[in-house]
Amino acid sequence: MGRHPEVLWAQRSGKVYLTVSLPDAKDISVKCEAEGFFSFSAVGVSGEPFNFTLQFYGNIAPEGCKTKTGLRNILCSIQKEEKGWWKRLLRSEEKPAPYIKVDWNKWCDEDDEESDSNLGSDDDIVYTGENEDSSGDEGMLYLPDLEKVRGK
């Protein structure tokens, strides 16, 4: 049994986004099944295995699952079988495992989605920012806007 990497999640009405935090991962395997099962496995930089399996709240469309591997993490875009907001990520009503957390940088409330719909299409899992060599702390991008508001 391998270790579990940190997994961040967010959703839109038609997709679920998972960010698996695993720097320099090798042998990455992602499997999506229509019944809502998502399996991930990879080998960490020290050779230790990492893996997890999730059963999503609803069914997914396996052909709509896309993965992008970066230096620090693996980004997964998973298409829901039916559009709609899930009340939670997992089918189980138990508290999710501690390695699963909300991705507040990508989070969008149900009523905010329409105003954000023009931000991107299927390529919206690509991070963009002022500094391409960012340290991975996307939350810092909002500080300049806050400073302008405070100055008024």
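Model, not experiment: these values are computed from the prediction.

Assignment of secondary structure puts Val-43 in strand β4 (residues 37-43). For Val-43, a relative accessible area of 24% puts it in the partly exposed group. Separated by 21 residues in sequence, Val-43 and Leu-22 place their C-alpha atoms 9.0 Å apart. Leaving out residues up to four positions away in the same chain, Val-43 has contacts with Asp-24, Ala-25, Lys-26, Asp-27 and Glu-48.

Ranked by size, the top nonpolar core spans 24 residues in total, and within it Leu-18, Phe-38 and Phe-56 carry the most contacts. When residues no more than four places from it in sequence are discounted, the contact partners of Leu-18 are Val-7, Leu-8, Trp-9, Phe-38, Leu-54, Phe-56, Ile-74, Leu-75, Cys-76 and Ile-78.

We now examine the pattern of salt bridges. One pass over the full model with this rule turns up four salt bridges. The salt bridge partner of Arg-3 is Glu-48, with a shortest N-O separation of 3.0 Å. With Arg-3 in the segment before β1 (6-11) and Glu-48 in the loop between β4 and β5 (49-55), this pair connects stretches of sequence that are 45 residues apart. Using a relative accessible area of 49% as the deciding quantity, one classes Arg-3 as partly exposed. Residue classification places Glu-48 among the partly exposed residues on the basis of a relative accessible area of 24%. A salt bridge links Lys-31 to Glu-33, with the shortest nitrogen-to-oxygen separation between them at 3.6 Å. Judged by relative accessible area, Lys-31 falls into the partly exposed class, the value being 49%.

Strands sit in the order β6-β7-β2-β1-β8 across an open sheet of five strands; the sheet is mixed. In this open sheet, the two edge strands, each paired with only one partner strand, are β6 (66-69) and β8 (100-102). On average, each strand axis in the sheet is tilted by 20 degrees relative to the strand beside it, whichever way the strands run. Both strand β2 (residues 15-21) and strand β7 (residues 73-79) contribute to a ladder of seven bridges, which runs antiparallel. Paired with Lys-15 across the bridge in β7 is Gln-79.

What counts and what doesn't
- Residues numbered from 1 in each chain as written.
- Predicted model: local features only at pLDDT ≥ 70, side-chain atom pairs only at ≥ 80, totals over all residues.
- Heavy atoms only, no water.
- Helix = DSSP H or I, 4+ residues; strand = E, 2+ residues; numbered from the N terminus.
- Buried < 20%, exposed > 50% of the residue type's maximum accessible area, 1.4 Å probe, protein only.
- Contact = heavy atoms within 4.5 Å.
- Core = buried A, V, L, I, M, F, W, Y, C linked by side-chain atoms within 4.5 Å.
- Salt bridge = Lys/Arg side-chain N within 4 Å of Asp/Glu carboxyl O.
- Pairing = 2+ DSSP bridges.
- Axes fitted to C-alpha atoms, helices over the stretch in contact; angles between N-to-C directions.

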